[in-house]
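Breakdown of the fold
If you want the building blocks of each chain, they are given just below.
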Amino acid sequence: MRAGLAAALLAVAVIAVPYGMLLASLPRLDGSLPAAGLGSAVEISRDARGVPTIEAADRLDLAYGTGFVHGQDRYFQMDLSRRLAAGELSELFGQVALDEDRKTRLFRLRSVAQRVLAQASEPQRALLEAYTRGVNAGLASLKSRPWEYWVLGTPPAPWRAEDTVLVTYAMWWDLQSGDWGDERLRQAVNARLKGPDCGAWKCVMQFLYPQFTEWDAPVGMEAPFVPPELPAPEVLNIRAAPPAAAPHAAAARAVSSEARAGSNNWALSGHLTASRAALVANDMHLNQRVPAVWYQARLRTAGAAGAPGLDLAGVTLPGTPLLVAGSNTHIAWGFTNSAGNWVSVTRVPCTAVGEQDLTTAAGSVALSVTRETIHVKGASDALLAVRSGPAGVLWQAEPERQSCWFVGWLAQLPEATNMNLVELEHVASVAEALDLAPTIGIPHENFVVGDREGHIGWSIFGRIPDDSGAGRALGGVPWTTTADHPRLLDPPRGRIWTANARVSVDPKELALIGGVDAPLAANYALGARARQIRGDLFQLGGNLKPETLMGVQLDDRALFLARWHALLLHMIDDASAKAHPQRAQARRLLEAWKPNADVDSVGYRLVQSFRQRTRDAVWEMLLAALAVPADYNTGPPLQFETPLWQLVSRQPPYLLSSEYPDWRTFLDTQLDATIADLARSCAALPQCTWGRQNVVRIRHPLSAALPQLAWLIDMPVLQLPGDHNMPRVQDGAFGASERFAVSPGREQDGYLDIPGGQSGHPLSPYYRSGFAAWAQGVPQPFLPGPAAHTLLLKPN
């Protein structure tokens, strides 16, 4: 009896002790706390959704308060961001993170962050130091360390001012780190096409990497689209090439080249809105996780000496003290990835690589070597030799292919990153905001802005070298100024939109954004999403209010796939359907399709899967014919839709692999393979809905290691509509990391949805708050509501 009672008490203790620790790590929301390093008291009030309003006497105390709530609610998220950029994840997770650390440590971003901090102005350093004190105070205010550190068995390391710069570098990495692989592929294709006839080479490259497509819709573009000519058979002849020994690019099938970081934003001028102030909307598309990428907040300071105070509302990035996107009551702004070319990738024809040099046919090239130590939890330190040459960091050494690839990245230049975004807090007009653009040091973004007087504008936020040469990312050239930095102010039709496609049509601006061979080098998105947004905006008319724009952000119409749907119906004619029962069934589903990326649509999934398989197969044929190494294949460029459609519609025999007698056979093969793939994933083809593929699993980073706790730490698993190449982007957990629409000065009328809650603690009522509204497209208030909790930080 006593043994059984003891066992029961032990079992209760085993559960109760961890649960008690978990409860102890919940943040304090009410009362008052002493806070060392404050000049005056800071009030933090949270509404019923957990969204804080932080009020302080001045900007430094406001930074402290912002750091405090970030440290309370999101410290583990911030820790992962700084460690990702610095290549220090192994110190927390052990050897499982070592490969990732080697990739990022190659660029030595902690060292760069320290230089960025050293060159910052005194006011900006003071801002970061105040934020750092707030973060560490918020962390220390918890009665127990954040729960993730108990799971990992490691205490959290204190925050440092340079870590805020590293969080910015984590965003650089998220948005641009795939670019050097894409550029290596482009150069490999280039090298195999370039011959004595440069005109022919240009013809083929502009066919495969078109400058413009029929989908492009930049503001101010009026010229009709003229498709590039098909390459002549004497220039490119796939049929004459030996067939590939094996499927050429299996790696490409594992990665959708369309799932790149991107976003939507637009601005409508005052003559189109009910308030006569500009109206700005933004949804930034990122890989979503738990907790959410962004942290909603309202940040306020009292005015002093006749100067007005600050009133900022929108989204902050945990780890930084600044408002990233939102409104300051005078202007509202949002971002999308510029998709420009901000790297330099150089091939050096090497035959051997030594410790401090590499060998070429022309002789030896000296390398500088920096040895980095990566601390690995539970194992010995790992050493990494970072080798650099005149063309940047040695990224890939392939002497067996006589190729050594060097990368220069603007992020490695300390002058490219700064905290000048803070200056946007005081800007009162679009013109002032555009003048700031050349000085803002962040990863390069399409900045769309509107003001309360009704003006709208666009520019690139991110420092741009005033040079389009191949080595511009290596430094040593001046930066653009207000005189030549890309910009657009008050277009005649009162609408600006961006969706990671080209915005400017000015050749000089395109060269600044794209660099050398600008039409070929940039990673612009296909313009289908931008074109659909443009069409939506022009259909809305005038007298617009923020709530009108949610319908544009949730637009999941399959306009882009309409011609592929028609192609499939044409292919599955009566004879084809009669000879192949599986095709007949597919035709019936295609005839019943609703032209939306709807969760219940089988027809949409059929068309989407067929188009993607066909695209990949055609691209692989091209690369195999050109003998491009399979491991170079990062997928076709996003503009490849234009040459792809020319090929499948015009069907030139010499641009088809000899594996197929004709294009009809090739297309039928892709159709049958698509149907077979769907049959393997579903019990029956009519059950293969789009929703069964587009399952949204937004997970905590520790979820895979704690599957038994997934119900507690992950967001609910849902099937959601949306896809690429339409405004509502949703590809599994890749999608809108926020959605908002707001007019400056009328923030009470705006909305802001985020796919998760404010808190990073699974026992908090604010852990999931907002997720259901985001999933269902229900607008939530842009401003926090009445205070449900109030915490006062008092100077100690």
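Details of the structure are given in the entry above.
All values derive from a computational prediction rather than experimental measurement.

**A short note on the sheet that holds strand E2 (residues 42-46)**
Strand order in the open sheet formed by eleven strands is E1-E28-E2-E3-E6-E7-E8-E9-E18-E19-E20, and the pairing between neighbours is mixed. The open sheet has two edge strands, strand E1 (31-35) and strand E20 (487-489), and neither has a second partner. Across the sheet, the mean angle from the axis of one strand to that of its neighbour is 25°, orientation sign disregarded. Note: E1 against strand E28 (residues 789-795), five bridges, orientation parallel. Its bridge partner lying in E28, Pro34 is registered against Lys794.

**Some thoughts on unusual backbone geometry**
Here Val290 and Pro291 are connected by a cis peptide whose omega angle stands at -5°. Its location among the elements puts Pro291 in the loop between strand E5 (279-287) and strand E6 (295-301). One non-glycine residue with positive phi stands out, namely Thr329, at about 80°. One non-glycine residue, Gln402, lies in positive phi territory at about 55°.

**Observations regarding the sheet that holds strand E16 (residues 392-398)**
Backbone-to-backbone hydrogen bonds join strands into a sheet, with any given pair of strands oriented parallel or antiparallel. The strand order E10-E17-E16-E15-E14 describes an open sheet built from five strands, whose pairing is antiparallel. In this open sheet, the two edge strands, each paired with only one partner strand, are strand E10 (343-348) and strand E14 (368-374). The mean angle between the axes of side-by-side strands here comes to 35°, regardless of whether they run parallel or antiparallel. Relative to strand E15 (residues 382-389), E14 runs antiparallel, the two sharing seven bridges. Bridge pairing in E15 places Ile374 opposite Ala382. Across the sheet, helix H9 (residues 179-193) touches E10, E16 and strand E17 (403-409), and the angle it forms with E10 is around 45°.

**Side note on the nonpolar core**
Core analysis: the biggest nonpolar cluster contains 207 residues, and Tyr169, Val189, Trp294, Phe335, Leu424 and Leu793 have the highest contact counts within it. Not counting chain neighbours up to four residues away, the residues in contact with Phe335 comprise Ser263, Asn265, Asn282, Met284, Val324, Ala325, Leu421, Ile442, Glu445, Asn446, Phe447 and Phe461. In terms of nonpolar packing, the next biggest core, distinct from the first, is built from 19 residues, Trp497, Leu544, Leu549 and Ala741 among them.

**Some words on the pattern of salt bridges**
All told, the structure shown has 40 salt bridges when counted by the stated rule. Close ionic contact of Asp99 with Arg102 constitutes a salt bridge, the shortest N to O distance being 3.4 Å. Note that Asp99 and Arg102 are positioned in helix H4 (residues 98-105) at a spacing of three residues, about one turn of the helix. Here Glu214 makes a salt bridge to Arg563, at a shortest N to O gap of 3.0 Å. Of this pair, Glu214 sits in the loop between helix H10 (198-208) and helix H11 (250-254) while Arg563 is found in helix H17 (residues 562-571), placing the two residues 349 residues apart along the sequence. For Glu214, a relative accessible area of 21% gives the class partly exposed. Each of Asp79, Arg82, Arg83, Glu88, Glu91, Arg110, Arg160, Glu162 and Asp163 takes part in one network of salt bridges that share partners.

**Describing helix H2 (residues 59-86)**
Turn by turn, an α-helix covers 3.6 residues, leaving residues three or four places apart pointing in a common direction. Between the first and last C-alpha of H2 there are merely 28 Å, a value that for 28 residues lags more than 12% behind the 40 Å anticipated at 1.5 Å per step. Along its length, H2 reaches its greatest deviation from straightness, about 95°, at Arg74. Here H2 lies mainly inside the structure; 26 of its 28 residues are buried. Backbone nitrogen of Leu60 and a side-chain oxygen of the N-cap are separated by 3.2 Å at the start of H2; the cap is Asp58. Gly87 occupies a position one or two residues after H2 and carries a positive phi of about 70°.

Conventions used here
Residues numbered from 1 in each chain as written. Predicted model: local features only at pLDDT ≥ 70, side-chain atom pairs only at ≥ 80, totals over all residues. Heavy atoms only, no water. Pairing = 2+ DSSP bridges. Helix = DSSP H or I, 4+ residues; strand = E, 2+ residues; numbered from the N terminus. Axes fitted to C-alpha atoms, helices over the stretch in contact; angles between N-to-C directions. Contact = heavy atoms within 4.5 Å. Core = buried A, V, L, I, M, F, W, Y, C linked by side-chain atoms within 4.5 Å. Buried < 20%, exposed > 50% of the residue type's maximum accessible area, 1.4 Å probe, protein only. Salt bridge = Lys/Arg side-chain N within 4 Å of Asp/Glu carboxyl O. Expected span 1.5 Å × (residues − 1). Bend = angle between axes of the 7 residues up to and from the residue. Polar contact = N/O pair within 3.5 Å; in protein donor to acceptor, adjacent residues only side chain to side chain.

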